[in-house]
Amino acid sequence: MAKESASVRIEHLKKVYPGIDGKPVEAVKEVDLRIEPGQFITLLGPSGCGKTTILRMVAGFEIPTAGDIYIGDTRVNSLTPDKRDTAMVFQSYALFPHLNLFDNVAYGLKIKKLPKDEIKRKVDNIMAMVGLEGFGNRAPNQLSGGQQQRVALARALVMEPSVLLFDEPLSNLDAKLRVYMRNEIHKIQRKVGITSIYVTHDQSEAMSLSDKVIIMNAGHVEQIGSPLEVYLTPATEFVADFIGIANILPCRVLENTGSSVTVDVLGIPCTKAVTGSALQVGEEVKIVARPESLGLGREGDIPCKVVSSIFMGESQDYVVAVGDREIKVKVYNPMIHETYHEGEEIFLNLQKDSLHLIPKKA
Amino acid sequence: MPEKKYSMWSLKWDEFHKILRDPILLSTIILVAISLLIFIVWPLYDVLKESFLDGKGSLTLEYYFEALSHQENIDVLINTVVLGLFVSFFSTAIGFIFAYVDAYLKIPFKRLFKLIAILPIISPPFALAMSFIMLFGQQGFVSKVLLGIQNSNVYGFRGLAVVQILTFFPIAYLVLAGLLKQIDPSMEEAARNLGASRWQTFRTVLLPLLKPGIANSFLLVFIQTVADFGNPMVIGGNFNTLAAQVYLQAMGNYNLKVGTALATILLSLSILMFVLQKYWLGNKSYVTLTGKPSRIRAMITDKAIIAAIGIPCLLISLFILVLYALIPFGSFVNLWGIDYTFTLRHYEYVWNLGAKPIWDTTELSLISMPITGILGMVIAYLIVRKRFFGRGMIEFVSLLSLAIPGTVIGMGYVLAYNEPPLVLTGTGIIIVLSFVFRSMPVGIRAGVASLQQIDPAIEEAAYDLGASSFKVFHSVTIPLIKSAFFSGLVYSFVRSMTAVSAVIFLVSANVNLLTVAIMSQVDVGRLGVAAAYSTVLIAIVLIVVSILLAILSRMGVSIKSVEG
């Protein structure tokens, strides 16, 4: 696409709604973000965490209570949605039911008063890009959900906006189609290179699409990082728990050398390289152990008892008890491993490198 | 993080900011608010002011004491309340039976019910009173010709009450039939399955579900009955009601002060009922909780039940049809009650002497139609989609005019626009304004209902794609709610053509209206001419509405039946 895509800066953004019962509702509390031109970032979090509110403030549907939003170098706080160079893909698609597909996609271009032939060329191009060439005369209600979704995407893309906004665009599709459309969106965004903000509560969407994931909870940002970072090195217990499955184990600090910290995990000392940590010896901290980073065996580190053992196809999923603590363990490719049964007394093995110490909150 | 306190006002101000930065939207809101202020609030304020201020401009209750010192006015007040309760009770009961028969019984000719629900809307509001006089009056066909009674007296409480019940029970029928049809049949099946008989099911499941609906239709009918002006004037005789008395005091006795005091009492009564209906009952319906019925209900074919309630309903419908048919019939009869030979002389008379009201009424109704339609949709849009200071007031005031008795607002218009800054008395404009603001609420309700079913994201998408709020409204909103828009148009025209209570204050030598002309013909006893005028009125309504519907069906718009 011809146009340079823009950066988006969000500074000290805050949104408070007048609540129904008279109590103010803080939907977004003090959020700072910087999105580089062409980047694809995801706002990920449970419902009610403020992610959609941020998106709607960028689009101009909501007015920030405090803070600023910049698109490129322009502060857009006071611009109405029609004056902002953003295009949104809505959760409900929001196709115009009284217009056919061509007119749906051409709507914004007509408002820009582009010449007829240029509109036709652009719409045809974009319809081809989303795989709907020749559908121009159809009415929106003659399409399947996936097709409607693609029209909604085309209608936004054709505007060649500086920022694309996605509001849970795939949540109304069935599971298989969701994966397919996710890949389509990924491909198309890479091709057009438009800065994109994508709101979802589905972590697999976030992981597969984004350059950067912003994990939100209760109106604030918990962590900003690449999919790899948020999975492997969650900044908070919330992130560890929200992304994937995690065993969050309390442990006690045994030693802090300044360049590494040694903690006691279920009786086993583990040393992690952490520089400049303020942890004191004897302090209680939390450590994240992903189920697939733990192993089981007839011998090993920690004696445990199998509580449940379920064959999932690609893996055997266990819950084992160490004392009164239950720990999830996932063993991939169960065919080449011994299977343990409920009630068996076996051993749990830690892979010390895969454990992650949750940093203490400042 | 330090807890910061936000005042509700500053947060609401934030929301209001969205409006402020959009000049088209802001000016629309201001225009709407101003027009509601000028054409609904101001006239009402003038009525109140006139009744509470004495000649020197100081506050007084003198005119209320004066009004209530006359036994006549006390009687009128009692009459109004008694009549209102009586008519509302029987209308709701009959309406309920009709609704039940419609929703549950397998009988033929049910379409008759729809017809008798529409007839009161498209004919002059006192049509049945006229027919009643033609049947049971001094020269009545039944009373004189069939029964041979001389000097039969149809005027008074009995005649008025029956006429009002027959005119207003369709309101209750429409409300209750709508609710009954929404009830999921599986709920009743569950009751039957648990051992309840049909009667027990009716008593323990249906009735409790419908209680709010029954109360609602009672209040709706009460508001209509109390505000009814035409029927009491035509058939009330010595049994006077408030709505008529207001007019008689102000225009007959030229006692404007007492007239306004009575108008204020009437207004308070109506607004009380309106507030009860809208805000107390407003959210009490259980029926809607269950949503769309999962399947079609198995209709009752039990002969005993059909004979007990189905057949009577059909007979009542037939009787009402005959009453309406009497009007065109009467217009072709030489001298009602004496000489039943065919004649066209009433139409000749109408044509030679009084064709002007026909043209005036049609023209003014056609002029107000698009204004009402567009204003109604704009207000519906603002109410449903926008949050701003005064939104609640706009909603309240614009729907309030449903409840304001026509005589009160008519009097208000006379008081408000008789002197500068706005002199409109005697013009067609004042009549157009009264048409617009009287028939707008129905369009607003239709618009609100259909907007609430449309995903706001569709309009946001247009906004996001660069459309201004005006562009969004006319390129997306209006096409999506065009069905409501056009039913608003149709309703507006019909209601303007048949309006009488407000405009009777506003007609003049320059502009006269059909309904008013009919009433004065009834008053002087020229029933044939009145019937001819009425027939012309109904014909115009039917012709214009059919043309509108034909145009619309060409455009692919279907209109749900216009509600009352």
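Residue indices follow the written sequence of each chain, beginning from 1 at its first position. Each chain takes a letter, starting from A, and each ligand takes a number, starting from 1, following the order in which they are written. Only residues with pLDDT of 70 or above have their local features reported here, since the model is predicted, and side-chain atom pairs are shown and tallied only from 80 upward, although totals for entire chains, interfaces and linings are computed over all residues.

### Re the sheet that holds strand 19 (residues 345-350) of chain A
Backbone hydrogen bonds hold the strands of a sheet together, and the pairing may be parallel or antiparallel. Residue and element names in this part refer to chain A. Note on pairing: DSSP must find at least two bridges between two strands before they are called paired. Only runs of H or I of at least four residues qualify as helices and only runs of E of at least two qualify as strands under DSSP, and these elements are numbered from the N terminus. Read from one edge to the other, the open sheet built from 5 strands follows the order 15-19-16-17-18, with strand pairing classed as antiparallel. Both outer strands of the open sheet, strand 15 (294-297) and strand 18 (325-332), are each paired with one neighbouring strand and no more. Strand-to-strand, the axes of this sheet are offset by a mean angle of 45°, without reference to chain direction. Note on geometry: axes are C-alpha line fits, over the in-contact stretch for helices, and angles between N-to-C directions span 0 to 180 degrees.

### Section: the interface of chain A and chain B
Here, residues touch in the contact sense if the C-beta positions derived from the backbone fall within 7 Å of one another. Across the contact, 29 residues belong to chain A and 26 residues belong to chain B. Counting residues per element, the ones that place at least two in the side of chain A that touches chain B are strand 1 (8-18), strand 2 (24-35), strand 6 (86-89) and helix 2 (101-111) of chain A. Throughout this entry, Asp, Glu, Lys and Arg are counted as charged residues, while Ala, Val, Leu, Ile, Met, Phe, Trp, Tyr, Cys and Pro are counted as nonpolar. The remaining residues, Gly among them, count as polar. Residue classes in the side of chain A that touches chain B are distributed as 17 nonpolar, 8 polar and 4 charged.

### A word on the domain arrangement of chain A
All names here are of chain A. A domain assignment, automatic or from a database, supplies the domain bounds used here. Domain boundaries assigned for chain A yield domain 1 (8-238) and domain 2 (245-357). Once you take the C-alpha centre of each, domain 1 and domain 2 turn out to be 39 Å apart. Counting residues at the interface gives 4 residues for domain 1, matched by 4 residues for domain 2. A per-class count over the side of domain 1 that touches domain 2 returns 2 nonpolar, 1 polar and 1 charged.

### Here we look at the sheet that holds strand 1 of chain A
Residues and elements named next belong to chain A. Ordered in space as 2-1-4-5, the 4 strands form an open sheet in which the pairing is antiparallel. Edge positions in the sheet fall to strand 2 and strand 5 (74-75), since each has one partner strand and no second. Here strand 1 pairs with strand 2 via 8 bridges, running antiparallel. Residue I10 lies in a different strand from strand 2, and its bridge partner there is L33.

### Observations concerning helix 20 (residues 456-464) of chain B
Each residue is classified by how many other C-beta atoms fall within 10 Å of its C-beta atom, where C-beta atoms are placed from the backbone; a count of 20 or more means buried, 12 or fewer means exposed, and values in between mean partly exposed. Most of helix 20 of chain B is tucked away, with 7 of its 9 residues classed as buried. All of the buried residues in helix 20 of chain B are B:I458, B:E459, B:E460, B:A461, B:A462, B:Y463 and B:D464. Packed against the buried residues of helix 20 of chain B are helix 1 (51-59), strand 6 and helix 2 of chain A together with helix 16 (356-385) and helix 21 (469-480) of chain B. Of the residues flanking the end of helix 20 of chain B, it is B:G466, one or two places downstream, whose phi is positive at about 105°.

### Details of the packing of helix 16 of chain B against helix 17 (residues 391-400) of chain B
Residues and elements named next belong to chain B. Closest axis-to-axis distance for the helix 16/helix 17 pair is 9 Å, and the angle between their directions is 140°. With respect to helix 17, the element helix 16 is oriented oblique. For the element pair helix 16 and helix 17, the recorded crossing hand is left-handed. The segment helix 16 lies against helix 17, with I379, L382 and I383 engaging R391, I394, E395 and S398. Classifying every residue of the contact of helix 16 with helix 17 gives 4 nonpolar, 1 polar and 2 charged. Any angle between 65 and 115 degrees counts as roughly perpendicular, while under 35 counts as roughly parallel, over 145 as roughly antiparallel, and the rest as oblique. Should the near helix be turned anticlockwise from the far one by less than a right angle, the crossing is left-handed, and should it be turned clockwise, the crossing is right-handed.

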